[in-house]
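Here are the chains, one letter per residue:
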Amino acid sequence: MADDTSPTARALRTLELLQAGPGITADRLASKLGVSERAARRYVGILREAGIPVVSVRGPYGGYRVGRGLRLPPLTFSPAEALGLVMAVLDGHHDAGDPATLVGGALGKIVQALPEPVAAQAEAVRRTAAPAPDTAAARPDPDTTAALVHACADHRRVRLGYRSEAGREWTGDVEPWAVVVRHGRWYLLCRKHPEGARRAYRIDRVRSVAVLDDAFEPPRDLDPVAVVEDHLAAGWEYDAEVVIEAPLDLVSRCLPRVLGRLERLDDETTRLTGSTSNPAWYAEQLARSPAPFRIVRCPELRQAARVLGQRLLAAAEDR
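Residues numbered from 1 in each chain as written. Predicted model: local features only at pLDDT ≥ 70, side-chain atom pairs only at ≥ 80, totals over all residues. Heavy atoms only, no water.

Chemist: Explain the sheet that holds strand 7 (residues 206–215) to me, and be specific about the residues and the numbers.
Modeler: Where strands meet in a sheet, backbone hydrogen bonds hold them as pairs that are either parallel or antiparallel. Pairing within the open sheet is antiparallel, and its five strands lie in the order 6-5-4-3-7. Strands at the two margins of the open sheet, each flanked by one partner only, are strand 6 (197–202) and strand 7. With direction set aside, neighbouring strand axes in the sheet form an average angle of 45 degrees. With six bridges joining them, strand 5 (residues 185–192) and strand 6 adopt antiparallel strand pairing. Residue pairing for strand 6: Leu 189 is matched across the bridge by Ala 200. Packing against the sheet, helix 7 (residues 142–154) makes contact with strand 3 (156–163), strand 4 (169–182), strand 5 and strand 7, and its axis sits at approximately 80 degrees to strand 4. Contacts from helix 8 (residues 224–233) reach strand 4, strand 5 and strand 6, with the element oriented near 120 degrees to strand 4. (Pairing = 2+ DSSP bridges. Helix = DSSP H or I, 4+ residues; strand = E, 2+ residues; numbered from the N terminus. Axes fitted to C-alpha atoms, helices over the stretch in contact; angles between N-to-C directions. Contact = heavy atoms within 4.5 Å.)

Right, dumping it as structure tokens:
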């Protein structure tokens, strides 16, 4: 708003103050606007003429507030509030990333109202959200997420305070590349200093964020989702190798990328190599394969597949 002394600008500022502080008095409103009480009431009148239902309550606990009307009045959000709404909607609606849906269209309007650098990051988060959020997953702090999104947008290095799954706490500098939502969890994709290693940290485990003055340039042609999924597929406790009797293009459409790396053995056979800390979950994901498969390596995964198979057979028995 270039001219905040114009009647239109002050009327919009009046609406913002009414939404932020329901019950605000005329003298308090005048003080916030820097005008007389008479002028403040005039701006309230402008809002009413525009069809916005502003109601007033008399008495010591009275004041102005936005009432309920036939149409939704204009709403104002800070960037952090808007990003918090994006996070909440993505957590609760599997189709929120689709602008053609009712929820997705409403979310798109919120993103469109954000400042461009923050909107770009919020839209990236929206695009990379998992299609089926895990309601049991830990939720990150909205303020922490907002700070990281801003740092990604501004290409500013940050100092993270982090606590690992094992409980080890550390503080270090990273280059934040992107915030990615996968499988119900929120990750910060970054490069850690000074070793320069590429990392994906869970944002719900970030204890503190301090934005530094140091600027950086993220890698060109970066695919944040692919990098995070590659990270999630490697380095776990149990290494696995599976041969699937189906072409590579079919398997890649049916199995989540987080299971590991797929490679073509021949026109009708595909090999999967990956790792996991949860063989039972890995076996359940493999069961989604549309074709027979054979576990070549990982006795823990074989045992988990046996248990899963016995459970399914038991479910099919006549009682």
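Chemist: Explain the nonpolar core to me, and be specific about the residues and the numbers.
Modeler: The biggest cluster of nonpolar side chains holds 18 residues, and the ones touching the most others in it are Leu 29, Leu 33, Leu 47, Val 54 and Tyr 64. Breaking this core down by element, the ones donating at least two residues are helix 1 (7–20), helix 2 (26–33) and helix 3 (37–49). Here the element with the most residues in this core is helix 3; it accounts for five residues. (Core = buried A, V, L, I, M, F, W, Y, C linked by side-chain atoms within 4.5 Å. Buried < 20%, exposed > 50% of the residue type's maximum accessible area, 1.4 Å probe, protein only.)

Chemist: I'd like to hear about the pattern of salt bridges, residue by residue, with values.
Modeler: This structure, assessed with the given rule, holds 12 salt bridges. Among the salt bridges present, the one from Asp 230 reaches Arg 257, with a minimum N-O distance of 3.6 Å. Pair noted here: Asp 230 is in helix 8 and Arg 257 is in the loop between helix 9 (248–254) and strand 9 (261–266), with a separation of 27 residues, a long-range link. With a closest N to O distance of 3.6 Å, Arg 271 and Glu 241 form a salt bridge. Residue Arg 271 is located in strand 10 (residues 269–276), and its partner Glu 241 is located in strand 8 (residues 238–244); the two are separated by 30 residues in the primary sequence. By relative accessible area, Arg 271 is classed as partly exposed at 25%. Using a relative accessible area of 16% as the deciding quantity, one classes Glu 241 as buried. The network of salt bridges with common partners includes Glu 241, Glu 263, Arg 271 and Arg 297. (Salt bridge = Lys/Arg side-chain N within 4 Å of Asp/Glu carboxyl O.)

Chemist: Could you give an account of the confidence of the model for the protein, naming the residues involved and the relevant values?
Modeler: Per-residue confidence for the protein gives a mean pLDDT of 82; residues scoring 70 or more make up 78%. When pLDDT is averaged over each element of the protein, strand 11 (residues 293–297) comes out on top at 95 and helix 4 (residues 79–92) at the bottom at 64. (pLDDT = per-residue confidence, 0-100.)

Chemist: So what about the sheet that holds strand 10? Which residues, and what values?
Modeler: Taken in spatial order, the four strands line up as 9-10-8-11 in an open sheet, and their pairing is antiparallel. At either margin of the open sheet sits one strand with a lone partner, and together these are strand 9 and strand 11. When the angles between neighbouring strand axes are averaged without regard to direction, this sheet yields 25 degrees. Against the sheet, helix 10 (residues 279–286) engages strand 8, strand 10 and strand 11, with an angle of about 155 degrees to strand 10.

Chemist: Give me the lowdown on unusual backbone geometry, citing residues and values where you can.
Modeler: At the junction of His 193 and Pro 194, the peptide bond is cis and its omega measures out at 5 degrees in the coordinates. With respect to the helices and strands, the residue Pro 194 is situated in the loop between strand 5 and strand 6. Here the phi dihedral of His 155 falls at roughly 55 degrees; this positive angle occurs in a residue that is not glycine. Assignment of secondary structure puts His 155 in the loop between helix 7 and strand 3. Positive phi values are uncommon outside glycine, yet Asp 221 reaches one of about 55 degrees. Assignment of secondary structure puts Asp 221 in the loop between strand 7 and helix 8. Relative accessible area serves as the criterion here: at 80%, Asp 221 is assigned to the exposed category.

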